[in-house]
Amino acid sequence: MDTLGWKSDDAEQKSRGISTIIAGAIVIAVAGMTSQFFNAA
């Protein structure tokens, strides 16, 4: 994990990092729901 982005005061860099984290969380959540759905079916 790259911690240099958090030390930088560049707002664009921070927002991009947060967007990446949110996108990753959404992908994980969708994948988890999909696997649960197929396991239940």
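Residues numbered from 1 in each chain as written. Predicted model: local features only at pLDDT ≥ 70, side-chain atom pairs only at ≥ 80, totals over all residues. Heavy atoms only, no water.

Participant: Where do I start with the packing of aromatic side chains in this structure?
Facilitator: The description of an aromatic ring pair rests on the distance of the ring centres and on the angle between the ring planes. Applying the stated rule across the entire model yields 1 aromatic pair. Plain terms: the ring middles of Phe37 and Phe38 are 5.7 Å apart, the flat faces sit at 65° to each other, and that makes the pair edge-to-face. Residues Phe37 and Phe38 agree in their burial class; the two are exposed. (Phe/Tyr/Trp six-rings, centres within 6.5 Å; stacked < 30°, edge-to-face > 60°. Buried < 20%, exposed > 50% of the residue type's maximum accessible area, 1.4 Å probe, protein only.)

Participant: Explain the pattern of salt bridges here, please?
Facilitator: For side chains bearing opposite charge, pairing can occur when the charged atoms are close. As enumerated under the stated definition, the model contains 1 salt bridge in all. When the shortest N-O distance is used, the salt bridge between Glu12 and Arg16 registers 3.0 Å. One end of the pair is Glu12 and the other is Arg16, both in helix H2 (residues 11-40) and 4 residues apart, which spans about a single turn. Residue class for Glu12 comes out exposed when judged on its relative accessible area of 53%. Residue Arg16 is classed as partly exposed on the basis of its relative accessible area of 48%. (Salt bridge = Lys/Arg side-chain N within 4 Å of Asp/Glu carboxyl O. Helix = DSSP H or I, 4+ residues; strand = E, 2+ residues; numbered from the N terminus.)

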